[in-house]
Protein chains: 2
Amino acid sequence: MVKHDRAMTANVSIPLVGDVSGRRIHIEDVFPLVDAGRFPVKRVSGEPVEVWADILRDGHVVLAAELLWRPEQTDQWSRVPLRLRENDRFTASFVAPRPGRYLYAIEAWTDLFATWRRDFLVKRQAGMDVALELEEGRNLLARLKPRDDAPARLIREVCRKPNLAEEPAPLLSEELATAARKGAQADLTRSAHYPLIADRPIARAGAWYEMMPRSQAATRGRHGTFDDCIGRLPEIAALGFDVLYLPPIHPIGRTNRKGRNNALTAAPGDPGSPYAIGAAEGGHDAVLPELGTLDDFRRLVRACAEHGMEVALDFAIQCSPDHPWLAQHPEWFKRRPDGSIQYAENPPKKYEDIANPDFYGNDREGLWRALRDVVLFWVRQGVRIFRVDNPHTKPFPFWEWLIREVQRVDAGVVFLSEAFTRPKVMKALAKLGFSQSYTYFTWRTGKQELQAYLSEITGYPEREYFRPNFFVNTPDILPLHLQTGEPWIFKARVALAATLSGNYGIFNGFELLEHEPIPGKEEYLDSEKYQLKFRDWDQPGNIKSYIGRLNRMRRNNPALLQTSRLRFAQVDDDEVIGFVKESASGDNAVAVAVALAKEGPLEFWFHFGEIEIGPPESRQRVKSIENLVTGERHILEWGGVRLRIDQQQDPVLVFRCFA
Amino acid sequence: MVKHDRAMTANVSIPLVGDVSGRRIHIEDVFPLVDAGRFPVKRVSGEPVEVWADILRDGHVVLAAELLWRPEQTDQWSRVPLRLRENDRFTASFVAPRPGRYLYAIEAWTDLFATWRRDFLVKRQAGMDVALELEEGRNLLARLKPRDDAPARLIREVCRKPNLAEEPAPLLSEELATAARKGAQADLTRSAHYPLIADRPIARAGAWYEMMPRSQAATRGRHGTFDDCIGRLPEIAALGFDVLYLPPIHPIGRTNRKGRNNALTAAPGDPGSPYAIGAAEGGHDAVLPELGTLDDFRRLVRACAEHGMEVALDFAIQCSPDHPWLAQHPEWFKRRPDGSIQYAENPPKKYEDIANPDFYGNDREGLWRALRDVVLFWVRQGVRIFRVDNPHTKPFPFWEWLIREVQRVDAGVVFLSEAFTRPKVMKALAKLGFSQSYTYFTWRTGKQELQAYLSEITGYPEREYFRPNFFVNTPDILPLHLQTGEPWIFKARVALAATLSGNYGIFNGFELLEHEPIPGKEEYLDSEKYQLKFRDWDQPGNIKSYIGRLNRMRRNNPALLQTSRLRFAQVDDDEVIGFVKESASGDNAVAVAVALAKEGPLEFWFHFGEIEIGPPESRQRVKSIENLVTGERHILEWGGVRLRIDQQQDPVLVFRCFA
């Protein structure tokens, strides 16, 4: 009677010809899944993971089902009963208690005793003679073999009653039905095991401040140090940033060193690009002496923590010609027919100051392990966030392996993919394990394109694996729309980034409205990638207090500390974008309106339409909103509200919503 | 350099910790697939199967890919190059030449020579020194090992040229690039193998005429025979039907035989229900003596074929208490505690005249094989279409096995699932292999619900595996809307069925507007399931010529001989439904308007909106339409046309569309 289905693994095996032991119960349309379970779904530890599935069988039986889940490295499943909602759709949820990799699965079986009980009650209700049915129920019960003690005791007790034929009540009790539920698991079927990554909350939401350590000196012309960075922490923390992200801090190659503005040859004293990693002083696990020592760096990490922030480091795999690995491990690099090293290139562009290792060379395992060990070295120094440079030019399998290896040591390590490339390649990297991803936001400025892009990345299944990090600028990118230097567009862009996406970032100088391009390009003139820069961080016109206010709004409103619970509102002006975001629990909802064009002021109607807010069991329409800056309150009329934006004052309105 | 990916099977394996040999090329979002390839996609043999997939890799390389396909029972793949459309999406198509099971798969690899060639041309174009690149290209070419002779010859030839450095043209020819394409299949990756069933065209489109052989006698009171059925063939063929479907023709049990109108006891002479199969005269492979002999039946099959029709038989697994199997194979049936047989039931309903075999009893393999052999017996008598009674009350794995077993013997055998049950169970049966399915159409009468239902079953992935067969009535179902007996509703219903669905059917009597119910039920009074019936097939008021005209329209318009290429039109009257159907080749398109309510006449605007017709390479808006009955032609104005339906005349308009 108790039949274990042999197909315990994937759902995709084709039954053999002549196979009469195929599975009777179908488990279909499991949610959430990425690529049928090939890649992990991403969540944050400590929060409920809702799982749905269609579970069905032929015939008119009562099915029972459980959601199974466990940390990947254990083999002890936890179990939660799945409940039938409607139309063969079952649901349950579990909470991954700690960051790490988990597996979940669905097990379903025919509940023979519940089926008998249901049919018996229907027949008795219809006035039929049920004497034989009663005997069948007792026989069924006597054959049950529950695994646990308490149910077994109750079942034995009921079985021993001599007068069940006259007094069938004990046989029909809810309590017995529950006890018998797992006693006879006919047709027991298990789905594939589906992977899930539970991350630290910082993987889903954080405000990033990127700065070049070399430019943090307090006096002009001096090379910045880690101590200079420590000196800036109170200011950055006061602005409400969560992550301090530093481009590479390693020794910089001298051979083919780049000069100012990416010149092919460096002048004496030029510091070179920090992305040309490795010199006589060391490679990826060393520190550029001008910045200080490893001890100094560790002090920076600790100081950051004391300010409630974390350090994020760059993981850029390329090596300068002077990197120690070239001599120690020549087999890790490709040589050309003339014996010269193969430089990085993207034809016709050549990067003469760096070489990429050969990931499929003769000692690929040695290379891969060395790269993993670089990350683990920095993890040991207290770094738990890595921004990965150009991951799309390194093999997919390498990333899937490396991220898993590192997270096996510390499940809280977060990886940000800096891949500006084709959309499906960016998504593939996210599927392979990157916790966050750079995005096209940096260039998306129109209402339609912003709405389309956000709808894509917050739709299913993208939202299950792709977490955006919206950077308004980077050391490499000064987008065209910022080149006018007008305060309103800087404010609008940082507000869009900070409110649309759980993760967002600025590169230092943005808060000072820096906007001088290399003519005709979207690149910074005199970029500090190739030279030192000195700034007055409090220079007039800076928008630091504006950014600080945005970050405070984020911290006070969980609705803004996530990305996917987003709905666009109808705004009757194509130059204003409006949206509502809501926390998972439903107890915080925020409405945002941002002007996308300079000419103003703009008056417009912000319509909430069908948008409901609140906890799942009591969703309601928005009834009023409160301006998070002015405290002004609006009662909605006809489902919306008339608003006004004066871009010169503030191109953005943010409201708390009330139902 | 040439690396075979080890993961040749399913896409769902999770890479092992420390695994450095994962696949570099991702093959994602393959289309068409049902449940990630667990169940076969259905097509008709001889028609192109378009396959799409996202194929991507890290880095900036040229990928090549092929679509592989083969009959399931061979191991020789045919190969078609996949072409890149845009955004990493590739496509190709193949034609399954004969009915049967097929597998398809996608193979992709890095085309190293094409990558070298592309980069070389870019660099030369940019005026760079490419001497080393040229040498690298020659070295690469020399290492290639193409499988086929002609490419190998060309490659050897080019390699032998002494002056390639000065005259590189031969190294850069298109011809060499093609020859080298499969010489170095780096990162060779194959998707899972996905199943496909190619059916005969009759699986996708056919007009079914269901009749009770017992009621076909030419004189009142006599039991109809196969010869009587043969006598009716000219008339049925003239009406344009494709399939003659007969409920069970086997000996009928005497024990617990049902009387007229499903009475619990039969009167002397009552014929009983043909679904109570099996008596002293034999079981599922015998013929009810009153109908004739097996030879007579074979004559009916042949006569049908001579009229261009096919016989469909019922496959109803239940057994009467007198079925020979109960004595020969008692282990195939469940007994109750008192030794009595377990009758079929759907509590509180009991079916005392039939018993279902126990599919998981001690000799389940014997039972399953016997049931398969019943089908194969009738296949040997020339029957290639089976309507399966209540498949949802038999195990899912049984059907997947049986259909495969039968189609292994004759791939042209078609199975229609008569499951009126929960939607996901109906879909599951279709996934398991049923060629066609009964549907909820029988009860769907409103415009919104018809549109919603058709959108569901013609959407993806439903359209890939679920082929509807729209029955307007059945021996069991006289739907409420037909009980008035008004001609307009009979016409509207048969026209909806015949034009919305590739497969549709009527049960005899419909053409005579039979509509007398058991009061308060959706069942026929004096149903011929329990008694003989005598009819004048030409009685006044019949709508035979109307049905014949519909069937002729179907045969003349391939747009109507399929279901999924359907778009609903905007009609500004909620009591008129309008739609456009189109053939796969795009050379036939039909527009239909059907009145859904009695009050009329109705005048309305039929708007074609964005609907385009024609072959894929030159789609155009509809410009004019021609009434298929009157020949009247309408030129579209403002994208639509004003139409009028007088339900008393004809509740339906059918037009040929022209671009």
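Residues numbered from 1 in each chain as written. Chains lettered and ligands numbered in written order. Predicted model: local features only at pLDDT ≥ 70, side-chain atom pairs only at ≥ 80, totals over all residues. Heavy atoms only, no water.

**What to know about the pairing of strand β17 (residues 414-418) of chain A**
Residues and elements named next belong to chain A.
- In terms of burial, β17 is largely enclosed, as five of its five residues are buried.
- On β17, burial covers both faces: Val414, Leu416 and Glu418 on one face and Phe415 and Ser417 on the other are all buried.
- Relative to β17, strand β16 (residues 385-389) runs parallel, the two sharing five bridges. Of the residues in β17, the one forming a bridge with Val388 is Ser417.
- Note that β17 and strand β18 (residues 436-437) share two bridges and pair parallel. If you follow Ser417 over to β18, its bridge partner there is Ser437.
- What joins β17 to β18 is helix α10 (residues 423-432), and the crossover it makes is right-handed. (Buried < 20%, exposed > 50% of the residue type's maximum accessible area, 1.4 Å probe, protein only. Helix = DSSP H or I, 4+ residues; strand = E, 2+ residues; numbered from the N terminus. Pairing = 2+ DSSP bridges. Right-handed = clockwise from strand over helix to strand, strands pointing away.)

**Digging into the sheet that holds strand β1 (residues 25-31) of chain B**
- In space, the four strands of this open sheet follow the order β1-β3-β7-β6 (chain B), with antiparallel pairing throughout. Edge positions in the open sheet fall to β1 and β6 (83-86) of chain B, since each of these has one partner strand only. Taken pair by pair, the neighbouring strands of this sheet meet at an average axis angle of 35°, ignoring direction.
- By the bridge criterion, seven bridges tie strand β3 (residues 48-57) of chain B to strand β7 (residues 89-95) of chain B in an arrangement that is antiparallel. Bridged to Ala53 of chain B within β7 of chain B is Phe90 of chain B.
- Its contacts with the sheet place α10 of chain A against β1, β3 and β7 of chain B, and it is angled at close to 70° to β3 of chain B. (Axes fitted to C-alpha atoms, helices over the stretch in contact; angles between N-to-C directions. Contact = heavy atoms within 4.5 Å.)

**Quick word on the relation of the copies chain A and chain B**
- Each copy superposes on the other: chain A lies on chain B with an RMSD of 0.1 Å after a rotation of 180° and an axial shift of 0.0 Å. Look at the turn and shift together and you get a two-fold axis relating the two. Identified as the residue of chain A closest to the rotation axis by C-alpha distance is Ala36 of chain A, at 3.2 Å.
- Most of the interface of chain A is mirrored in chain B, where 100% of its interface residues are also at the interface. (Least-squares fit on C-alpha atoms with pLDDT ≥ 70 in both.)

**Details of the side chain of Asn551 of chain B**
Residue and element names in this part refer to chain B.
- Turning to its location among the elements, Asn551 is positioned in helix α14 (residues 544-556).
- We classify Asn551 as buried; its relative accessible area is 1%.
- Excluding residues that lie within four positions of it along the chain, Asn551 makes contacts with Ala207, Leu239, Gly240, Phe241 and Tyr504.

**What to know about the confidence of the model for chain A**
Residue and element names in this part refer to chain A.
- Summing up the model confidence of chain A, the mean pLDDT is 94 and the portion of residues at 70 or higher is 97%.
- Below a pLDDT of 50 lies the segment residues 1-21, which in the model reaches 61 contacts outside its immediate sequence neighbourhood of four places, other chains included.
- Predicted complex, confidence summary: ipTM 0.92, pTM 0.93. (pLDDT = per-residue confidence, 0-100.)

**Comments concerning the environment of Gln539 of chain B**
- Turning to its location among the elements, Gln539 of chain B is positioned in the loop between β20 (503-507) and α14.
- Residues Gln539 of chain B and Glu511 of chain B, spaced 28 residues apart in sequence, show a C-alpha to C-alpha distance of 9.8 Å.

**Structural notes on the packing of aromatic side chains**
- Under the definition given, this model contains 68 aromatic pairs over all chains.
- Between Trp325 of chain A and Trp332 of chain A, the ring centres sit 5.1 Å apart and the planes meet at 85°, which makes this aromatic pair edge-to-face.
- Trp325 of chain A gets classed as buried once you look at its relative accessible area, which sits at 11%.
- The exposure class assigned to Trp332 of chain A is buried, which follows from its relative accessible area of 3%.
- Following the ring pairs from residue to residue traces out a cluster consisting of Phe315, Phe359, Tyr360, Trp368, Phe386, Phe398, Trp399, Trp401, Phe415 and Phe434 of chain A.
- Looking at Arg232 of chain A, its charged tip hangs above the ring of Trp537 of chain A, at a distance of 3.5 Å from the centre.
- Looking at Arg493 of chain B, its charged tip hangs above the ring of Phe441 of chain B, at a distance of 4.2 Å from the centre. (Phe/Tyr/Trp six-rings, centres within 6.5 Å; stacked < 30°, edge-to-face > 60°. Lys NZ or Arg CZ within 6 Å of the ring centre and 35° of its normal.)

**Here's the deal with the interface of chain A and chain B**
- Listed per partner, the contact involves 75 residues of chain A and 75 residues of chain B.
- The junction of chain A with chain B conceals about 6600 Å² of combined surface from both sides, 59% of it contributed by carbon and sulfur atoms.
- Counting across the interface, chain A meets chain B through 18 residue pairs in polar contact (both at pLDDT 80 or more).
- At the level of elements, β1 (25-31), β3 (48-57), α1 (112-125), α2 (131-143), β14 (344-346), α8 (364-380), α9 (396-409) and α10 of chain A are the ones that each hand at least two residues to the side of chain A that touches chain B. (Buried area = accessible area lost by both parts, 1.4 Å probe. Polar contact = N/O pair within 3.5 Å; in protein donor to acceptor, adjacent residues only side chain to side chain.)

**Remarks on the pattern of salt bridges**
All names here are of chain A.
- Within this structure, the stated rule accounts for 114 salt bridges over all chains.
- Close ionic contact of Asp295 with Arg298 constitutes a salt bridge, the shortest N to O distance being 2.6 Å. Highlighted residues: Asp295 and Arg298, both in helix α6 (residues 294-306), separated by three residues, approximately one helical turn.
- Look at Asp295 and you get partly exposed, because its relative accessible area is 47%.
- For Arg298, a relative accessible area of 27% gives the class partly exposed. (Salt bridge = Lys/Arg side-chain N within 4 Å of Asp/Glu carboxyl O.)

**Focus: the pairing of strand β13 (residues 310-315) of chain A**
Residues and elements named next belong to chain A.
- Of all six residues that make up β13, six are buried, and the element is covered over most of its length.
- The two faces of β13 match: Glu310, Ala312 and Asp314 on one face and Val311, Leu313 and Phe315 on the other face are all buried.
- Alignment of strand β12 (residues 243-246) against β13, held across four bridges, turns out to be parallel. Across the sheet, Leu244 pairs through a bridge with Val311, a residue of β13.
- Between the parallel pair β12 and β13, the chain is carried across by α6, and the sense of this crossover is right-handed.
- When β13 meets β16, the two strands line up parallel, connected through four bridges. Bridged to Leu313 within β16 is Phe386.

**Remarks on α8 of chain A**
All names here are of chain A.
- The first and last C-alpha atoms of α8 sit 24 Å apart over 17 residues, in line with the 24 Å expected at 1.5 Å per residue.
- Within the span of α8, buried status applies to Leu367, Trp368, Ala370, Leu371, Arg372, Val374, Val375, Leu376, Phe377, Trp378 and Val379.
- At its buried positions, α8 is contacted by α6, β13, α7 (324-328), β16, α9 and β17.
- One or two positions beyond α8, positive phi appears at Gly382, with a value near 105°. (Expected span 1.5 Å × (residues − 1).)

**Re helix α6 (residues 294-306) of chain B**
Residue and element names in this part refer to chain B.
- Here α6 contains 13 residues, and its C-alpha end-to-end distance of 18 Å stays within 8% of the 18 Å for a straight helix at 1.5 Å per residue.
- Among the residues making up α6, those that are buried are Asp296, Phe297, Leu300, Val301, Ala303 and Cys304. Here the buried residues of α6 occupy an arc of 165° about the axis, which is enough to place them on one side. Along α6, exposed side chains directed more than 90 degrees from the buried face belong to Ala305 and Glu306.
- Summarising the contacts, the buried residues of α6 are in contact with α5 (226-238), β12 (243-246), β13 (310-315) and α8 (364-380).
- Sitting at the head of α6, Thr293 places a side-chain oxygen 3.2 Å from the backbone nitrogen of Asp295.
- Immediately downstream of α6, the backbone of Gly308 shows phi near 75°, a positive value. (Arc of directions from axis to C-beta.)

**Here's the deal with the sheet that holds strand β23 (residues 576-582) of chain A**
Residues and elements named next belong to chain A.
- Within the open sheet, the six strands sit side by side as β21-β23-β24-β31-β28-β29. Their pairing is antiparallel. Where the open sheet ends on each side, the last strands, each with one partner, are β21 (566-568) and β29 (633-635). For this sheet, the mean inter-axis angle between neighbouring strands, taken without regard to orientation, is 25°.
- With five bridges connecting them, strand β24 (residues 589-595) and strand β31 (residues 652-658) associate as antiparallel partners. Of the residues in β31, the one forming a bridge with Val594 is Val652.
- Each of β21 and β23 is contacted by helix α11 (residues 447-457), which is oriented at about 150° to β21, the strand it contacts most.

**Some points on the packing of α1 of chain A against α2 of chain A**
All names here are of chain A.
- As a packed pair, α1 and α2 sit with axes 10 Å apart at the nearest point and diverge in direction by 165°. In terms of their interaxial angle, α1 and α2 are classed as roughly antiparallel. The crossing of α1 and α2 is left-handed. Of α2, the residues touching α1 (which contributes Leu112, Phe113, Trp116, Phe120 and Lys123) are Glu133, Leu134, Glu136, Gly137, Leu140 and Leu141. (Parallel < 35°, antiparallel > 145°, perpendicular 65-115°, else oblique. Left-handed = near helix turned anticlockwise from the far one by under 90°.)

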